[in-house]
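The residues making up each chain are set out below.
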Amino acid sequence: MPSSAPVLLAVTLTLVLVVSAVAKLSDRPSTRSVTVLLRLPSVLHGSWFATALPVAELVLALGLLAPWAGLALVAWGIATVLFALYLAVIARAMTFDPRPSCGCFGRIGNQRVTGHTVVRNLLLLGSSAVVLTWVSAGHTVPSAVLDLDQEGWAWVLSAATVVAIAVLVVAGPKTTEHAGRKAAEAARAAQAAQAAQAAPREEADDYVRRPNPPSLL
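Residues numbered from 1 in each chain as written. Predicted model: local features only at pLDDT ≥ 70, side-chain atom pairs only at ≥ 80, totals over all residues. Heavy atoms only, no water.

Caption draft 1: Up close: the layout of surface pockets. The calculated volume of the second largest pocket comes to roughly 530 Å³. With six residues, helix H4 (residues 69-93) is the largest single contributor of residues to the lining of the second largest pocket. When its residues are assigned to classes, the lining of the second largest pocket shows 21 nonpolar, five polar and three charged. (1 Å grid on protein atoms, 1.4 Å probe; cavity = no way out; pocket = protein on both sides within 12 Å on 5 of 7 lines; lining within 4 Å. Points joined across faces, edges and corners; volume = space filled by probe spheres on them. Helix = DSSP H or I, 4+ residues; strand = E, 2+ residues; numbered from the N terminus. Nonpolar A, V, L, I, M, F, W, Y, C, P; charged D, E, K, R; others polar.)

Caption draft 2: How the structure looks around the packing of H4 against helix H5 (residues 115-135). H5 packs onto H4 with a crossing angle of 160° between their chain directions and a minimal axis gap of 9 Å. Looking at the two axes, H4 sits roughly antiparallel to H5. In terms of crossing hand, the pair formed by H4 and H5 is left-handed. Where H4 approaches H5, its residues Ala69, Ala72, Leu73, Trp76, Gly77, Ala79, Thr80, Phe83, Ala84, Tyr86, Leu87 and Ile90 are matched on the opposing element by Thr117, Val118, Asn121, Leu122, Leu124, Leu125, Ser128, Ala129, Val131, Leu132 and Val135. Residues of the contact of H4 with H5, tallied by class, amount to 18 nonpolar, five polar and no charged. (Axes fitted to C-alpha atoms, helices over the stretch in contact; angles between N-to-C directions. Parallel < 35°, antiparallel > 145°, perpendicular 65-115°, else oblique. Left-handed = near helix turned anticlockwise from the far one by under 90°. Contact = heavy atoms within 4.5 Å.)

Caption draft 3: How the structure looks around H4. If you check H4, its first and last C-alpha atoms are 36 Å apart, about what 25 residues at 1.5 Å a residue would give, namely 36 Å. Along H4, the positions that sit buried rather than exposed are Ala72, Ala75, Trp76, Ala79, Thr80, Leu82, Phe83, Leu87, Ile90 and Ala93. (Expected span 1.5 Å × (residues − 1). Buried < 20%, exposed > 50% of the residue type's maximum accessible area, 1.4 Å probe, protein only.)

Caption draft 4: Highlighting the environment of Ser20. Of note, Ser20 is situated in helix H1 (residues 4-26). When its relative accessible area of 5% is taken as the criterion, Ser20 is described as buried. Distance from Ser20 to Glu57, taken between C-alpha atoms, is 7.8 Å for residues 37 residues apart in sequence. A polar atom in the side chain of Ser20 sits 2.4 Å from the side chain of Lys24. (Polar contact = N/O pair within 3.5 Å; in protein donor to acceptor, adjacent residues only side chain to side chain.)

Caption draft 5: Geometry of unusual backbone geometry. Cis geometry marks the peptide bond from Asp97 to Pro98, where omega comes out at 0°. With respect to the helices and strands, the residue Pro98 is situated in the loop between H4 and H5. We note that Arg39 has phi near 60°; this positive angle belongs to a residue other than glycine. Positionally, Arg39 belongs in the loop between helix H2 (28-37) and helix H3 (47-64).

Caption draft 6: Inspection of the confidence of the model for the protein chain at higher detail. Residues at a pLDDT of 70 or more form 70% of the protein chain, whose mean pLDDT is 78. Here helix H7 (residues 150-206) is the element of the protein chain with the lowest mean pLDDT, 59, and H4 is the one with the highest, 94. Contacts from residues 172-180, a stretch scored under 50 in pLDDT, to residues over four places away or in other chains number one contact. (pLDDT = per-residue confidence, 0-100.)

Caption draft 7: Broad picture of the packing of aromatic side chains. Going through the model one piece at a time under the given rule, you end up with one aromatic pair. Taking the centre distance of 5.6 Å and the plane angle of 75° together, the rings of Trp48 and Phe49 count as edge-to-face. Judged by its relative accessible area of 48%, Trp48 is partly exposed. The class for Phe49 is buried, based on a relative accessible area of 15%. (Phe/Tyr/Trp six-rings, centres within 6.5 Å; stacked < 30°, edge-to-face > 60°.)

Caption draft 8: Layout of the environment of Ala88. Residue position: Ala88 is located in helix H4. Its relative accessible area of 45% is what places Ala88 among the partly exposed residues. Sequence separation between Ala88 and Val118 is 30 residues, and the spatial gap between their C-alpha atoms is 9.2 Å.

What follows is the structure in structure tokens.
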């Protein structure tokens, strides 16, 4: 297996864990609610788990980049088990009605559990298994990076460029569409507020005060 391929997978999975951890830490109340929505054991519903999980992901991400083969092997073994557990949770949530949000990356993107979520977690698990097999042969990410030749760096940079272009192409229209919906909702809200303010004035204009006719008591 070319050394550049597992290195790229390893770096990608490490970034995935870091992004996931930061997103969860920035919105811990949401992470707590997700544990309830996903029907995880009640012992995991506390605030301690909403903090412990992302912190563990950050520590694990550091272990994945360890220069020592033994530590790297343990870290990648844990990561593979973690991705397998995430896949099991998502597959189970697919049977819920209605399907909940997974909160895998906090509020980043659409976190509704769908077939897309299952495929994503399958790719994460498969990639982690590939890197685990590579690491079990005595390789580490730092040593592989140092051993990359010019052609290896070219493959890594080319792959990173392709991923960046794909993300920009796919995310661009969605972001614009989302902004358009937000602007339309704001315009409708402003129109509704103006209509509500104008309604009392119109009712008041329709009513004209007239003197009472004279009468005998």
